[in-house]
Amino acid sequence: MENLQDILRKIPSVDDILKMAKYCAKLNVIKKDILKIAINMAVEDIRTQYRKGRQEAATVEEILNNTQVILERNLGNSLRKVVNATGIVLHTNLGRAPLSEKAQKAISAVMEGYSNLEYSLQQGQRGSRYQHVVRQLCLLTKAEDAVVVNNNAGAVLLVLAVLAKGRQVIISRGQLVEIGGQFRIPDVLAQSGAILAEVGATNKTSLVDYERAINENTAVIMQVHTSNYRIVGFTAQPTSAELASLAHKHNLPMIANLGGGFLTDFPGNYDEPVVKEVVAGGADIVTFSSDKLLGATQAGIIVGKKEYIDQIKAHPLIRALRIDKLCLAGLAGTLQDYLCDPLETVPVLKMLNKSLPELKEQAQVLVQKLEALQSAGWMLALAPLNSLGGGGTLPGIEFPSYGVSIVTGRTANWLEGQLRNSEIPILVRIQEEKIIIDVRCLTTEDMDIIAASCLRIAQGDAKCNI
Ligand SMILES: *Cc1c(COP(=O)(O)O)cnc(C)c1O
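Residues numbered from 1 in each chain as written. Predicted model: local features only at pLDDT ≥ 70, side-chain atom pairs only at ≥ 80, totals over all residues. Heavy atoms only, no water.

A.B. asks: Which residues make up the site of the ligand, and what values go with them?
C.D. replies: Surrounding the ligand, one finds 13 residues, the nearest of these being Arg 96, Ala 153, Ser 227, Ser 289 and Lys 292. The side chain of Asn 151 places a nitrogen or oxygen atom 3.3 Å from an oxygen atom of the ligand. One nitrogen or oxygen atom from the side chain of Ser 289 is found 2.4 Å from an oxygen atom belonging to the ligand. Contact with the protein chains hides 95% of the accessible area of the ligand, taken as 380 Å² for the molecule alone. (Near = heavy atom within 4 Å. Polar contact = N/O pair within 3.5 Å; in protein donor to acceptor, adjacent residues only side chain to side chain. Areas by Shrake-Rupley, 256 points an atom, 1.4 Å probe, with all protein chains shown as cover.)

A.B. asks: Help me get a handle on the packing of aromatic side chains, residues and values and all.
C.D. replies: On inspection of all chains with the given rule, the structure shows one aromatic pair. Ring centres of Phe 262 and Phe 266 lie 4.7 Å apart, and the angle between their planes is 10°; on these two criteria the pair is classed as stacked. Across the pair, exposure class does not vary: Phe 262 and Phe 266 are buried alike. Lying across the ring of Tyr 50, Arg 54 places its NZ or CZ 5.4 Å from the centre. The residue whose ring lies beneath Arg 410 is Trp 414, and the NZ or CZ to ring-centre distance is 4.8 Å. (Phe/Tyr/Trp six-rings, centres within 6.5 Å; stacked < 30°, edge-to-face > 60°. Buried < 20%, exposed > 50% of the residue type's maximum accessible area, 1.4 Å probe, protein only. Lys NZ or Arg CZ within 6 Å of the ring centre and 35° of its normal.)

A.B. asks: Go over the nonpolar core with me, naming the residues and quoting the values.
C.D. replies: Generally speaking, a soluble globular protein has its nonpolar side chains buried in company with each other. Grouped together as the largest cluster of nonpolar side chains are 59 residues, with contacts concentrated most on Ile 221, Val 286, Phe 288, Val 303 and Leu 331. With five residues, helix 14 (residues 325-338) is the single largest residue contributor to this core. Excluding its chain neighbours within four sequence positions, the residues that come into contact with Ile 221 are Ile 170, Tyr 210, Ile 214, Leu 243, Leu 246, Ala 247, Pro 253, Met 254 and Ile 255. Residues Tyr 130, Ala 155, Ile 171 and Ile 312 belong to the second largest nonpolar core, which totals 32 residues. (Core = buried A, V, L, I, M, F, W, Y, C linked by side-chain atoms within 4.5 Å. Helix = DSSP H or I, 4+ residues; strand = E, 2+ residues; numbered from the N terminus. Contact = heavy atoms within 4.5 Å.)

A.B. asks: Give a description of a negative patch on the surface that names residues and reports values.
C.D. replies: Taken together, the side chains of Asp 341, Glu 344, Glu 358 and Glu 361 make up a negatively charged region of the molecular surface. Its place among the elements puts Asp 341 in the loop between helix 14 and helix 15 (342-345). (Patch = residues over 30% accessible without salt bridge, like charges linked within 9 Å, V, L, I, M, F, W, Y side chains within 5 Å. Salt bridge = Lys/Arg side-chain N within 4 Å of Asp/Glu carboxyl O. Lys, Arg positive; Asp, Glu negative; His and termini not counted. Charge placed at Lys NZ, Arg CZ, Asp CG, Glu CD.)

A.B. asks: Before we move on, could you go through the sheet that holds strand 12 (residues 300-304) and cite the residues and values that matter?
C.D. replies: One open sheet holds the seven strands; their spatial order is 4-12-11-10-9-5-8, and the pairing between them is mixed. Single-partner strands in this sheet number two, and they are strand 4 (145-149) and strand 8 (195-199). Within the sheet, the average angular offset between the axes of one strand and its neighbour, ignoring direction, is 25°. Sheet analysis places strand 9 (residues 218-224) next to strand 10 (residues 254-259), joined by four bridges and oriented parallel. Paired with Met 222 across the two strands is Ile 255, which belongs to strand 10. Running at roughly 120° to strand 4, helix 6 (residues 134-141) makes contact with strand 4 and strand 12 of the sheet. (Pairing = 2+ DSSP bridges. Axes fitted to C-alpha atoms, helices over the stretch in contact; angles between N-to-C directions.)

Set out below in structure tokens:
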């Protein structure tokens, strides 16, 4: 047997491999210094294999292939499209709201070149990025004025910094929410420089509790929508209208942080506030996310009385929290949908509003698309399900839905992993050892992707003969 040193010496040199990389279309576009690092890694891999007892010689071709894999794995774009078959409409881990056609068009129009982001075309001079969506937001919420920032967490921080720095904010103990991702109302409040004055009990807070807490250092009364949990049973909280009148009686502003909130009337009984109703109830400032139930790109929307919005726009923090042009374009495009028939065009609303017969029909179509898999021994069944709203909205509310359940000769975890690692990853849930594909969030294209992936998985599985 050859000794290890001799074998290792036979590995082609990095320079020789680099020369051959010129003939490989995928590698010859990569910058040379980066390519060299990747080839070195590939060669090191081969060396390790030899040290572990590999016998057969490594070819330049093999090393180039491995180089490609290394580049793809380490430097390829890891942010990718996935298919959401979980049935959870607003999934924070999956990018929250998919965008409407109008939103997509608005984004691509702005991203292709220059735009009038901060330029007034009427006056031919500098304008403000905050102008673009103000009229639509005021029309849709009946508020006096509006401003948008990077996200709702930023909106809350900014509003409190402007209205309550160094002073007290009265909040019910039942509303000291953590929404996940390190966002806890008391912590954000502390960062803004405001002082928390908690009132009431976790399950019950009365108007009198709020009134008793008011003193000369009180800046605002704040209501926080408990977006991602429900307190049920023996509970009571004043309405936002009651809190607004109390605040006004004491010459204080009232802030409502809705988290999500619907921008339009939505059929069904969801216990989610509609922004214009909170405004009509007298709230002076209302904050909400643009990428939750509104269904647009990431942004934090602040609507309310002009005198406060003016102060907010003048605060230095707004620059640190400013919305970027693509998110603004996505919001502006989506607001156009709200002027027509949002339930038909905004994907989030459309998906939440799908009727049970519609979902059943869609699931039947998916079963048909998957039919070929029966001969591979996969068992498919139409399955009545419950989907969740998700993304810090609609807690505890289950939406009856439909889907397809799959059982193969292998474990549910195996198939879940295969689907997750597909070329276009497909995310599903597992229930009672079955793979569940909920159709609520699927487009027709998604269903074709699922069918093609399943077929590929079955064909690649030695255990089945399709
Ligand atoms: C979601 C949520 C936020 C944060 O909104 P982002 O847009 O994700 O920053 C803040 N408060 C409440 C109550 C929420 O539900």
